[in-house]
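So the chains spell out like this:
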Amino acid sequence: MMRIIAIAKRVLKELLRDKRTLALIFIAPLVILALLSYIFNVNTTTNATIGAVNVEQTLRTTLDDTSKINVKTYGDNESAKRALADEKVDAIIRNTDGDLYVTYANTDVGKTNVTKAALQGALTKNKMTQLAKAVKTMQEKLPTGRQVIQSSTSSPTIHNSYNYGDGDSTFFDKMMPIMIGFFIFLFVFLISGMALLKERTSGTLDRLLATPVKRSDIVFAYLISYGIVAIVQTLLIVGFSVTLLHVEVAGSIWLVTVTTVLIALVALSFGIFISTFAKSEFQMIQFMPIVVIPQLFFSGLIPLSAMGTWAQWLASILPLKYGASALNTVILKGGNFDNILGNLLALVVFIVILSVGNIIGLKRYRKV
Amino acid sequence: MRKTIVSLNNVQKKFGDQVVLKEANFNVQQGEIVGLIGPSGAGKSTIIKIVLGMEKANAGKALVFDTQMPNRELLNNIGYMAQADALYDVLTGYENLYFFAQMKGIKKAVIKKEIQHVSQVVELTEHLAKKVSGYSGGMKRRLSLAIALLGEPDLLILDEPTVGIDPGLKRKIWQELYHIKEAGRTILVTTHAMDEAELTDRVVLLLDGEIIADESPRELMKDYQVNSVEAVFLKAEGER
């Protein structure tokens, strides 16, 4: 036990003196999160301008009244097309013999979708107005006193309420829990893998193993020291997100910390495990596209239920999926310990298997 | 009769198909300084790794303190200095010494005294507060040696201990090694420096994984009819 603490202390001391690595662990995630938050918040409103050619007055007015939509009228198709090419309009609606032909610039899928929805909405609205008129005419022809239909034409008011966040919630809010998990995984993976790699290439690992230290002491010491790093990192990231980026944590921050510490420990064991296959720091980096990036794809950023069975199976062997799912449950849904217990256990299983693998793996450098 | 500290009996080691050590036999007695010499790739480091238990012999027996290696507990009593400096660069010299003293299981009460002693031997006392990254090559070598000396182990295994150390300090280090020998402790040392090989009690000459000589430097020179270990070395290599 004394040796475990001594090694853990040494690992932390080395880390604290390495200012650049410290910045990478503690500052870089905050910078990236702040940038992400800015990017996703700035892009929340998509406006579209539609060029109308030969389109009847009523439809044009209804479209123009739709929020986020502007309508410009063009005399002929040629000038409208020129406007489209010059990016003055995002779509052209042309009426030929009663049918509508729509050409989209489609350089921004968001604008295309807004235009489509607006057009559909406007057509429906116009139809409804005509229908209402027709009904009114019919009613006038009916004997007085029979007003059954009247009441049903008034539409109900919609009252929105949000389980998490409010009407202004952006994609960033949804991404946030996964991003916290991902950054902790990424940076701990890199730094811990490098740390053990350095011990190996510099010969300190050999020297360490030439003392009566147990192989498990080394692995446990690394788990303890990087566990502490992860706690600090989590509190920093969550604190920063809550106070400055105004992200809401519906559940307990301590559950978030427990989850991220487990994520960090998985990343650590993973990093140490992978580092045994790398001969240099550069080779360690080469593992990132294979080991780290896919975890982000299958972490729930894109809903897993929509994916094929092979993808779901793949996700189930990637530890970040469980971590991200637990973080989602706590941060978005305010889940309690029982709700995330299964995910936490999955992370523990990863830690145990990888740690046992690492302890056995050290046998390469000393046979007992 | 003096005790046998290290004993290799028909030790064989293969890496894959390549035989790096063919039936090595030699003993190191208590209080002896034994030099392992030979060109690089001859199997010196392999012998050291087997004695330390980092590698396991494919055949034969490797005994240290009458116990079969590999054995973790025994490492308590072995001081090892590798070819690489193997130091933590961002820690100070003192922190490096303290850390390895803890790893060796030296009692807290005596750690400071131990550090003081070993750093005096290698003349690093005034540099202990500096970070190792600021050390010169020679200073790193000395610190590495100091770590091996920690805890007064009964067996010292030194892999090229005096590479990059200036002659004055080299002599001083050898004085300390004799000192250790007189205290009844044992030293196994590999070296390229032939003048150093002549300072040992016995030389084990390795060539292509085979021990071709195991005698005192003087006897060795007589056998080969030359007047330096260096000449023995060249002659033995030439005869192959």
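The structure under discussion appears in the preceding block.
The following paragraphs examine the structure supplied in this document. Keep in mind it's a predicted model, so treat the numbers as computed, not measured.

Here we come to the sheet that holds strand 2 (residues 18-29) of chain B. Residues and elements named next belong to chain B. The antiparallel open sheet is built from four strands, whose spatial order is 2-1-4-5. The sheet is open, and its two edges are formed by strand 2 and strand 5 (67-68), each paired on a single side. Bridge analysis of strand 1 (residues 4-15) against strand 2 gives eight bridges, and the strand direction is antiparallel. Residue pairing for strand 2: lysine 14 is matched across the bridge by valine 19. The strands that helix 1 (residues 44-52) touches are strand 1, strand 2 and strand 4 (59-64); relative to strand 1, the one it contacts most, it runs at about 120°.

Of note, glutamine 29 of chain B is situated in strand 2. Leave out the neighbours within four places in its chain, and glutamine 29 of chain B touches Arg2, Lys3, Thr4, Ile5, Thr186 and Arg202 of chain B.

This next bit is on the packing of helix 8 (residues 171-202) of chain A against helix 10 (residues 215-243) of chain A. All names here are of chain A. Running from N to C, helix 8 and helix 10 point in directions that differ by 150°, and their axes come no closer than 11 Å. Here helix 8 is positioned roughly antiparallel relative to helix 10, judged by the angle of their axes. Viewed along their axes, helix 8 and helix 10 form a crossing whose handedness is right-handed. Residue-level contacts link Met176, Ile180, Phe183, Ile184, Phe187, Val188, Ile191, Ser192, Ala195, Leu196 and Glu199 of helix 8 to Tyr222, Tyr226, Gln233, Thr234, Ile237, Val238 and Ser241 of helix 10. For the contact of helix 8 with helix 10, the per-class residue count stands at 13 nonpolar, four polar and one charged.

Here the focus is the sheet that holds strand 2 (residues 69-74) of chain A. Residues and elements named next belong to chain A. Taken together, the four strands give an open sheet; going across it, the order is 2-1-3-4, and neighbouring strands pair in mixed fashion. Here the strands that pair on one side only, and so sit at the sheet edges, are strand 2 and strand 4 (99-104). Strand-to-strand twist of the sheet, defined as the mean angle between neighbouring strand axes without regard to direction, takes the value 25°. Along the sheet, helix 5 (residues 77-85) makes contact with strand 1 (48-53), strand 2, strand 3 (91-96) and strand 4, crossing strand 3 at roughly 165°. Sitting on the sheet, helix 6 (residues 109-141) is in contact with strand 1, strand 2, strand 3 and strand 4, with an inclination near 165° to strand 4.

The rules behind each value
Residues numbered from 1 in each chain as written. Chains lettered and ligands numbered in written order. Predicted model: local features only at pLDDT ≥ 70, side-chain atom pairs only at ≥ 80, totals over all residues. Heavy atoms only, no water. Pairing = 2+ DSSP bridges. Helix = DSSP H or I, 4+ residues; strand = E, 2+ residues; numbered from the N terminus. Contact = heavy atoms within 4.5 Å. Axes fitted to C-alpha atoms, helices over the stretch in contact; angles between N-to-C directions. Parallel < 35°, antiparallel > 145°, perpendicular 65-115°, else oblique. Left-handed = near helix turned anticlockwise from the far one by under 90°. Nonpolar A, V, L, I, M, F, W, Y, C, P; charged D, E, K, R; others polar.

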